[in-house]
Amino acid sequence: MDRQLPLRERMMIWMHVLMCHLCFRYKRQLKWMRLVAENEIPYEPSPDDPPKLSSETKKLIKQRLHQELQNEIGPF
Amino acid sequence: MGNQMSSKHQSDLNPDLWVDRYGDALYRFALSKLTDTAAAQDLVQETFVAALHARKRFKGQASVKTWLISILRHKVVDYYRKKTRELTIESTGTIAEDTDQYFNHNGRWRIKPGKWTANPVKIYEQKEFLKLLYQCLAHLPERLAKAFVMRELEGLETDEICKALSITATNSWVMLYRARTAIRQCIEVNWLKAEA
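Just so it is clear, the model here is predicted, and its values are computed rather than measured. Counting starts from 1 at the beginning of each chain's written sequence and moves along it residue by residue. As a convention, the first chain written is A and the first ligand written is 1, with the rest following in written order. A pLDDT threshold of at least 70 governs which residues receive local features in this predicted model, and a stricter bar of 80 or more applies before side-chain atom pairs are shown or counted, although totals over entire chains, interfaces and linings include all residues. To obtain the side-chain values, all non-hydrogen atoms of the structure were used and water was disregarded.

### Looking at empty space enclosed by the protein
Formally: Any residue with an atom within 4 Å of a point lines the site, the site being either a cavity, points on a 1 Å grid over the protein atoms alone where a 1.4 Å probe fits but cannot get out, or a pocket, an open set with protein on both sides within 12 Å along at least 5 of 7 lines. Grid points are joined across faces, edges and corners, and a volume is the space filled by probe spheres set on the points. Numbered from the N terminus, helices here are DSSP runs of H or I no shorter than four residues, and strands are runs of E no shorter than two. Polar here means any residue outside two lists: the nonpolar Ala, Val, Leu, Ile, Met, Phe, Trp, Tyr, Cys and Pro, and the charged Asp, Glu, Lys and Arg; Gly therefore counts as polar.
Using the criterion set out here, one finds one cavity of 30 Å³ or more in the structure. Taken as a whole, the largest cavity holds about 30 Å³ of empty space. Lining the largest cavity we find Met1(A), Leu30(A), Met33(A), Arg34(A), Phe148(B), Glu152(B) and Arg180(B). Top element by residues in the lining of the largest cavity is helix H2 (residues 21-38) of chain A. It accounts for three residues. The residue makeup of the lining of the largest cavity, split by class, is four nonpolar, no polar and three charged.

### A look at the state of the cysteines
Note the following rule: To count as a disulfide, a pair of cysteine sulfur atoms needs to be within 2.5 Å. When accessible area is computed with a 1.4 Å probe and restricted to protein chains, residues below 20% of their type maximum are described as buried, those above 50% as exposed, and intermediate ones as partly exposed.
Counting across every chain of the model gives two disulfides over all chains. Here Cys20(A) engages in a disulfide with Cys23(A); their sulfurs sit 2.4 Å apart. Here Cys20(A) and Cys23(A) share a disulfide; its torsion about the S-S bond, 70°, makes the bridge right-handed. The same class applies to Cys20(A) as to Cys23(A), namely buried. In this model, Cys136(B) is linked to Cys186(B) through a disulfide, with the two sulfur atoms separated by 2.1 Å. Classification of the bridge connecting Cys136(B) and Cys186(B) rests on its S-S torsion, roughly -80°, and on that basis the disulfide is left-handed. You can see Cys136(B) sitting in helix H5 (residues 123-137) and its partner Cys186(B) sitting in helix H8 (residues 169-192), a full 50 residues away along the chain. For Cys136(B), a relative accessible area of 1% gives the class buried.

### Describing the interface of chain B and chain A
A common way to express how large an interface is: the accessible area buried when the components associate. Put simply, the test is: The criterion used for residue contact is that any of the two residues' heavy atoms lie within 4.5 Å. The term buried area denotes the loss of accessible surface (1.4 Å probe radius) that occurs when two parts are joined, taken as the sum for both partners. Any carboxyl oxygen of Asp or Glu within 4 Å of a side-chain nitrogen of Lys or Arg constitutes a salt bridge here. Any pair of nitrogen or oxygen atoms within 3.5 Å is treated as a polar contact; in protein, a donor-acceptor pairing is required on top of that, and neighbouring residues in sequence qualify only through side-chain atoms on both sides.
With 51 residues of chain B at the contact, the number on the chain A side is 36 residues. Buried area between chain B and chain A, both sides added, is near 4,200 Å², and the carbon and sulfur share of it is 63%. On the chain B side of the contact with chain A, Arg28(B), Trp109(B) and Arg180(B) bury the most area, a combined 14% of that side's loss. Scanning the region where chain B abuts chain A turns up six salt bridges. For the salt bridge of Lys58(A) with Asp24(B), the shortest nitrogen-to-oxygen distance reads 3.3 Å. Joining chain B to chain A, the criterion identifies 14 residue pairs in polar contact (both at pLDDT 80 or more). Put simply, the parts of the chain that give the side of chain B that touches chain A at least two residues each are helix H2 (15-31), helix H3 (37-54), H5, helix H6 (142-153) and H8 of chain B. Element by element, the count of residues in the side of chain B that touches chain A is highest for H2(B), at ten residues. Of the residues contributing to the side of chain B that touches chain A, the split by class is 24 nonpolar, ten polar and 17 charged.

### A few points about the packing of helix H3 (residues 55-73) of chain A against H3(B)
As a reminder, the rule being used: Convention adopted: a line fitted to C-alpha atoms gives each axis, helices being fitted over their contacting stretch, and angles between N-to-C directions are expressed from 0 to 180 degrees. Any angle from 65 to 115 degrees is called roughly perpendicular, while one under 35 is roughly parallel, one over 145 is roughly antiparallel, and all others are oblique. Helix crossings get a hand from a simple test, with the near helix turned counterclockwise from the far one by less than a right angle marking a left-handed crossing and a clockwise turn marking a right-handed one.
The interhelical angle for the contact between H3(A) and H3(B), taken along N-to-C directions, is 30°, at an axis separation of 10 Å. Between H3(A) and H3(B), the angle is such that the two are roughly parallel. Note on packing geometry: the crossing formed by H3(A) with H3(B) is right-handed. Mapping the contact onto sequence places Thr57(A), Leu60(A), Ile61(A), Arg64(A), Leu65(A), Glu68(A), Leu69(A) and Glu72(A) in H3(A) and Gln41(B), Val44(B), Gln45(B), Glu46(B), Phe48(B), Val49(B), Leu52(B) and His53(B) in H3(B). Tallied by class, residues from the contact of H3(A) with H3(B) come to eight nonpolar, four polar and four charged.

### Quick notes on the packing of aromatic side chains
Just so we agree on the cut-off: We call Phe, Tyr and Trp rings a pair once their centres come within 6.5 Å, taking the six-membered ring for Trp, and we label the pair stacked below 30 degrees between planes, edge-to-face above 60, and tilted otherwise.
The full count for this structure, using the stated rule, is seven aromatic pairs over all chains. When the centroid spacing of 6.1 Å and the interplanar angle of 40° are considered together, the rings of Trp32(A) and Trp116(B) count as tilted. Of this pair, Trp32(A) sits in helix H2 while Trp116(B) sits in the loop between helix H4 (64-83) and H5, each in a different chain. Taken individually, Trp32(A) and Trp116(B) each receive the classification buried, so the pair is uniform in this respect. Both rings, one in Phe103(B) and one in Trp109(B), keep their centres 4.6 Å apart while their planes meet at 40°; by these two values the pair is tilted.

### Topic: the nonpolar core
Counted only if it meets this: To qualify as a nonpolar core, a set must consist of buried Ala, Val, Leu, Ile, Met, Phe, Trp, Tyr and Cys residues joined through side-chain atoms within 4.5 Å.
Counting residues in each nonpolar core, the largest one holds 74 residues, and the members touching the most others are Phe48(B), Trp67(B), Leu137(B) and Ile183(B). For this core, the element with the most residues is H4(B), which contributes ten residues. Not counting residues up to four positions away in its chain, the partners in contact with Phe48(B) are Ile61(A), Leu65(A), Trp18(B), Val19(B), Tyr22(B), Gly23(B), Leu26(B) and Leu68(B).

### Looking at the pattern of salt bridges
For the structure on display, the rule yields twelve salt bridges over all chains. Between Arg151(B) and Asp2(A) there is a salt bridge, with the nearest N and O atoms lying 2.8 Å from each other. Of the two residues, Arg151(B) sits in helix H6 while Asp2(A) sits in the segment before helix H1 (7-19), which places them in two different chains. Assigned by exposure class, Arg151(B) and Asp2(A) land together as buried. One continuous salt-bridge network, built from bridges that share partners, spans Asp2(A), Arg34(A), Arg151(B), Glu152(B), Glu157(B) and Arg180(B).

So, in structure tokens, the structure goes:
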């Protein structure tokens, strides 16, 4: 899953997984995990009422960011 | 052209614009992983703060939005890590260190992987599955969780993970194996209710 194995090793694993139903199951479940993780999409709300940050929250976040910037620059 | 690119890059990195441009998208992403709206807002704020401090290291390989989502992902895992004691999720103990217990000395399965009663690939199961995945990640040692997130959720190659975590390739393969095995087991125990 993380690197290309030599053909011989791949064949050996393939043969083993064919004979071992638990290994087959394990491999399939890891594949499912990867498939879902790869296609992770942000929460899709109904188009009528998508959750949004309130303007007040946005203002507070901006204030915090400005404060952080001030701290980064230091006192004049 | 170069100046245009540069000024666009600079404006993309203007924290004042971030909140307006990406705030809602980040909030929705956070809400897809946790139900507490106040916590989701806090995580969005913490993401922006972290990005602000890291902005000079951002080289523009990915879009600003992708970069911010990547930071938020790690924040979500950290959030669940802090909440681990309060969670009702069934602990899998020191799962990462225990992966060897799955096999006996003959190399046969000792703890058999159960048959999953749901298929997480089905669209309607995915949101629930991903939420649990993040909760399970919080039970892993931090470095294993980071490696898993980078590989499986961000799609990075192992050499990039090795660079980011300062580990060898062999280390990364072992860490990823342990992380996957532990996450699989955690999901099985907590959602899919394995059969023998």
